[in-house]
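Now for the letters of each chain:
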Amino acid sequence: MNMNDSIVSIQNVTKTYKRGSEVIHVLENISLDIGQGEYLALMGPSGSGKSTLLNLIAGLDQADSGSIEVGGIDITALSESELARWRAGNVGFIFQFYNLIPVLTAYENVELPLILTSLSGHERKEHVYTALKVVNMEDRLRHYPSQLSGGQQQRVAIARAIVTDPTILVADEPTGDLDRASAENVLELMDRLNRDMGKTIIMVTHDPWAGNKAHNMRHLDKGVLSNDYQDSHS
Amino acid sequence: MIIRILIRNAFRHKLRSILTITGIAIAILAYGLLHTVIDAWYAGVAASSANRLVTRNSISLVFRLPLSYREKIRSVDGVEIVSYGNWFGGYYRDEKDFFANFAVEPVSYLNLYPEYKIAEREKTSFLKNRKGCIAGKKLTERFGWEVGDSITLTGTIYPGKWEFVLSAVYKGKHKNVDETMFFFHWDYLNETLKKERPFSADNVGFYMIGIDKPENAASIAEAIDTTFKNSLAETLTETEKAFQLGFVAMSETILKAIQLVSFVIIVIILVVVANTMVMSVRERTAEYAVLKTIGFSGGHIAALIIGESMTITLIGGVFGILATYPAATVFSNAVGDYFPVFNITKGTILMDAAVTVIVGLSAGVVPAWGAMSIRIAEGLRRIG
Ligand SMILES: Nc1ncnc2c1ncn2[C@@H]1O[C@H](COP(=O)(O)OP(=O)(O)OP(=O)(O)O)[C@@H](O)[C@H]1O
Ligand SMILES: [Mg+2]
């Protein structure tokens, strides 16, 4: 992997939260580069700031200082509405609790991000079918989330994340709510998205077993990124 | 897709939605009904013509005016028709069965009130028969009268039994016309009085005057009143509308109270719908956060929430408006003939619709604002 070809470039990012008069330093001077096509696991104990860092990379939250470039765009300079538009085109989200819209079918949930694009109805349909085929859920189009198992819902959620063909995929504890078999299935799918489709994936997890499935791992502890850059895979 | 989501959201909690819709329907129904009652109260005012004046004794309606004023009024510039009449105050069978009955000068009266539709043949027979009388269609239906029937009224102001023959039935040319009135030849009253109580004969309760142009009403009224200044019976002349308003004014406080109640109903239903929406939106905080995460704007979220609120409110509003019609019929039957004219006007329906839209929008605004301003990271945090 060529590290000069980085798709995410984080420089000296700091993030604090204020709770009353108390200031919580969640991220302290973080710098991190993530290469194109990388599959990175962000690990660390609970409360270490993993989700916070992921949210910053995905443009869901604003850093106090430092810069974050994704695909050559400095997202810290974008306004709220510019960020929303940027997310729609560049980031695919996978959550711990799937977060599908309960009143929409699997098909409609996957189609949802596409209604913000200028694709024609026909193209949308094609995209949705392709995405559902990738996650192997094309036979459950008309099912509502409540009619699907956790693992199946997460696969639909992954289809929703990839349907816009985003620059990066971010996943916060994607297997945190799944049993081993379903988790295995989801991790295998993510591996395939990375290997076969070249997707850049950043996955937060505190489960070492899940972290090991990624190709690289970084540890976050008390807001500081340790330098144990390691390649756990061949 | 946005519309699909908002409609499905609206019926996510079926029972909650049905209860809310029922509440809205009842509120709109009550609102429409109260407005119809107010309209009914003002029906006389609405039916009045700007081309007509009423002259009465300046002291009070109870006091009469001499018949000799007729010619003097007729000679005032701008006056075209002069008719006159007396409130008769008789009852049919039972004193409690109230209806309006007058003695009027028949030819001029019918000329002055073209909104009464009467068959030509019946009209001629009425004018020919001294004991003839005309009754409104609703009144004849109430007592089961047919043209040709003899009708006996018992006088209260003019004691005794008074015999009439129903010569004609009138219908209103438009919906505001009171179809419950009864009138007969003034001469019949006056000649009887001449025989039995000569001192009260040749007196008129009020003059009804047709004028050339509405804009001359004020000057004509003044000219009439000036004519009789310093005479034994001074006059008060006003437009028919002002005359009718004088009756309504007495109950103005009640009308104000009704208006207040109808307003309170709307405020209550607004609070109820807003509460439902706030509850629903709060439950879905994470969903809205997810939509925002995916890239939906605050405007999209607001559209979803306000659209949902509008969907629920409009359904309730439509049911409410549809229910107003049968409810008005039931209501009008129940209160008997207290309101001679009881119609749901277009204005009432438009008010219903406006209120529905306002409630739908305002109930959605507060939760929409809340959902728009929620920060994604925090919205997502609320899950689980
Ligand atoms: N909106 C907020 N206001 C105040 N403090 C916050 C807020 N969001 C996060 N924090 C704090 O920031 C710290 C890091 O939170 P974060 O969610 O990033 O941790 P995490 O590593 O993802 O933990 P976990 O593994 O439990 O998900 C925690 O101490 C948390 O309490
Ligand atoms: Mg977390």
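Residues numbered from 1 in each chain as written. Chains lettered and ligands numbered in written order. Predicted model: local features only at pLDDT ≥ 70, side-chain atom pairs only at ≥ 80, totals over all residues. Heavy atoms only, no water.

Trainee: Sorry, what's going on with the overall build of chain A here?
Mentor: Along the backbone of chain A there are 7 helices and 11 strands. Radius of gyration (C-alpha) of chain A: 18 Å, near the 17 Å computed for a compact globule of 234 residues. Across its three principal axes, chain A shows a C-alpha extent of roughly 50 × 40 × 40 Å. A buried classification covers 53% of the 234 residues belonging to chain A. For chain A, long-range pairs separated by at least 24 residues make up 68% of all intrachain contacts whose partners lie at least 6 apart in sequence. For chain A, the exposed area adds up to about 10,200 Å²; of that, 44% sits on carbon and sulfur atoms. Taken as two groups, the 20 positive and 30 negative side-chain charges of chain A have centres that lie 5 Å from each other. (Helix = DSSP H or I, 4+ residues; strand = E, 2+ residues; numbered from the N terminus. Rg over C-alpha atoms; globule rule 2.2 N^0.38 Å. Buried < 20%, exposed > 50% of the residue type's maximum accessible area, 1.4 Å probe, protein only. Contact = heavy atoms within 4.5 Å. Areas by Shrake-Rupley, 256 points an atom, 1.4 Å probe, with all protein chains shown as cover. Lys, Arg positive; Asp, Glu negative; His and termini not counted. Charge placed at Lys NZ, Arg CZ, Asp CG, Glu CD.)

Trainee: Would you mind going over the sheet that holds strand S2 (residues 22–35) of chain A with me for this structure?
Mentor: Two pairing modes exist for strands in a sheet, parallel and antiparallel, and in both the strands are linked by backbone hydrogen bonds. Residues and elements named next belong to chain A. Taking strand neighbours across the sheet as the criterion, the 4 strands line up as S2-S1-S4-S5 in an open arrangement whose pairing is antiparallel. In this open sheet, the two strands that pair with only one neighbour each are S2 and strand S5 (73–74). Bridge count for strand S1 (residues 6–19) against S2 is 10 bridges, and the pairing is antiparallel. Note that in S2 the partner of Lys-15 across the bridge is Leu-27. (Pairing = 2+ DSSP bridges.)

Trainee: What should I look at first to understand helix H6 (residues 180–197) of chain A in this one?
Mentor: Since the α-helix advances by 3.6 residues per turn, residues separated by three or four positions end up pointing in the same direction. Residue and element names in this part refer to chain A. The terminal C-alpha atoms of H6, which comprises 18 residues, lie 25 Å apart, in line with the 26 Å expected from a rise of 1.5 Å per residue. Among all positions in H6, only Ser-182, Ala-183, Val-186, Leu-187, Leu-189, Met-190, Asp-191, Leu-193 and Asn-194 are buried. Along its buried surface, H6 packs onto strand S3 (39–43), helix H4 (121–134), helix H5 (150–162), strand S7 (168–172), strand S8 (200–204) and helix H7 (208–211). The residue sitting at the N-terminus of H6 and contributing the capping side-chain oxygen is Asp-179; that oxygen lies 3.1 Å from the backbone nitrogen of Ala-181. Positive phi shows up at Gly-198, right after H6, with a value of about 70 degrees. (Expected span 1.5 Å × (residues − 1). Polar contact = N/O pair within 3.5 Å; in protein donor to acceptor, adjacent residues only side chain to side chain.)

Trainee: Even after reading the chapter, I still don't get the domain arrangement of chain B, so can you show me in this structure?
Mentor: How large an interface is tends to be reported as the accessible area lost when its parts come together. Residues and elements named next belong to chain B. Under the domain assignment, chain B is made up of domain 1 (2–43 + 251–380) and domain 2 (59–233). Taken over C-alpha atoms, the centre of domain 1 sits 48 Å from the centre of domain 2. Taking both partners together, domain 1 and domain 2 bury about 580 Å²; carbon and sulfur atoms supply 44% of that area. Counting across the interface, domain 1 meets domain 2 through 1 residue pair in polar contact (both at pLDDT 80 or more). A class-by-class count of the residues in the side of domain 1 that touches domain 2 yields 3 nonpolar, 1 polar and 1 charged. (Domains from an automatic or database assignment. Buried area = accessible area lost by both parts, 1.4 Å probe. Nonpolar A, V, L, I, M, F, W, Y, C, P; charged D, E, K, R; others polar.)

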